[in-house]
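# Observations on the model geometry
Take a look at the letters that make up each chain.
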Amino acid sequence: MNFSLPDFRRKWSCRGYMSAGAAMVTVALGLSLVLTEQAEARKYAAPFDIFGLGTPRPRARVHSVRIPLPRPRPEEAPKASDEAPPEAEGKPSPDKPGDTKPAEAARPPEKQLSACRLALTEEIAIAPSIPDIRGPGACGGGDLVRLEAIVLPDKRKVTVKPAAILRCTMASAIADWVRKDMVPLAASLGTTISDLDNFDSFECRGRNRIVGAMLSEHGKANALDVRAIKLANGQSIGLTDRSMSRDVRERVLHSVCARFSTVLGPGSDWYHEDHIHLDLAQRRNDYRICQWNVWDPLPQVAPLLPAERPEEAPPREVAAKPEAKEGADDEAAEKSSRPVEKSTPEKAQPHKPATKKRR
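### Some details on the side chain of D200
Here D200 shows up in strand β7 (residues 193-200). Polar side-chain contacts of D200 include one of 3.2 Å to the side chain of R205. Within polar-contact distance, the side chain of D200 engages the side chain of R209 at 3.4 Å. When neighbours within four sequence positions are excluded, D200 is seen to be in contact with R205, R209, H218, A223, L224 and D225.

As structure tokens, then:
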């Protein structure tokens, strides 16, 4: 094989590679020299920097502001005591946490009493206030009391058994009804009232306890069911008792219908056959409902056993003799008055001869 220099350069030419490497080395050295010069120029000003662009600018001087000192304390001023005031001794400092308990949260302002609550004093009824009730479906309400007893004008108490949870207005209406209407009624019977039979008061339910019905006034604490009024002599005025005098029940009917907006009793529906429903429901145009039929007393049925023989009655043997004589005389008189009937012999029927039957 014959090698020549032109063939070698044609086949194995590295002039391009060598020129590129040399150029890269030259650029790198130039950059290093420029960066070094700039770093040195930051320390010293360039000789040909006419506009001062390359020279570092000096920092602005901070000018101190003169703060005025406070005026000296006058001599006539009272000297400040080094001791801390007694109120500040117990307070923790802002730097150090105090060991005392955190201050209690401020109590909410007390609720103002309503006009009804102010009027319903202990001279009228024993009815302490209770917290508001907020139940499901708008049940409950505010300004509620627990009516425990009604105080009569002569300071006697009519116990409500059991105690009724009512609104203040309803409790006040019940107290006025008992004091002004029922007390004179009991006085006409020669006695006074001792207890009020509470059949039902507050209960979160629908009307007549029907599921899905409208909310009853009982659910609003605005109704009371009364079954009877017990007297001090042991008797009881059953408002739906047909054995009670009709006049007494009618007087109760007129009194409750004049005071309450709803009165339901016997004849309204079969839910109120054994008690009277009273409430203060508000309706349009002050519409009232009074449905209570005062039925006639039941007929008196004779007892099954005979009455006991009174002590002053004569003995049975002595009392039976004249009755026997009178009975014998009556029988003799009947016999004498009857006409004597002659016995007539029965007519003899003629005897017929026996005959043979034809076949």
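### Some words on the packing of aromatic side chains
Working definition: an aromatic ring pair is given by the centre-to-centre distance plus the angle between the planes. By the definition in use, this model includes two aromatic pairs. Between the aromatic rings of W177 and F260, the centroid separation amounts to 6.4 Å while the plane-to-plane angle is 80°, which identifies the pairing as edge-to-face. Remark: F260 occurs in the loop between α6 (246-259) and β10 (262-264) and W177 occurs in helix α5 (residues 168-188); sequence separation between them is 83 residues. You can call W177 buried: its relative accessible area is 0%.

### Quick notes on unusual backbone geometry
In the segment running from K161 into P162, the intervening peptide bond is cis, with an omega of -15°. Locating P162 in the fold gives a position in strand β6 (residues 157-167). At R209, a residue that is not glycine, the phi angle is positive and equals roughly 60°. One can find R209 in the loop between β7 and β8 (223-231). A residue is classified by how much of its surface remains accessible, and R209, at 53% relative accessible area, is exposed. The backbone of N285 sits at a positive phi, close to 55°, despite the residue not being glycine.

### So, the pairing of strand β5 (residues 144-151)
Each regular strand displays side chains that alternate between the two surfaces of the sheet. Counted residue by residue, β5 has six buried out of eight residues, so it is predominantly covered. Note: strand β1 (residues 125-126) against β5, two bridges, orientation antiparallel. Counterpart to A125 in the pairing with β5 is I150. With two bridges connecting them, strand β2 (residues 129-130) and β5 associate as antiparallel partners. The residue of β5 that forms the bridge with I130 is L144. Where β5 hands over to β6, the hairpin turn is made up of five residues, of which K155 adopts a positive phi near 75°.

Reading the values: rules and limits
- Residues numbered from 1 in each chain as written.
- Predicted model: local features only at pLDDT ≥ 70, side-chain atom pairs only at ≥ 80, totals over all residues.
- Heavy atoms only, no water.
- Helix = DSSP H or I, 4+ residues; strand = E, 2+ residues; numbered from the N terminus.
- Polar contact = N/O pair within 3.5 Å; in protein donor to acceptor, adjacent residues only side chain to side chain.
- Contact = heavy atoms within 4.5 Å.
- Phe/Tyr/Trp six-rings, centres within 6.5 Å; stacked < 30°, edge-to-face > 60°.
- Buried < 20%, exposed > 50% of the residue type's maximum accessible area, 1.4 Å probe, protein only.
- Pairing = 2+ DSSP bridges.

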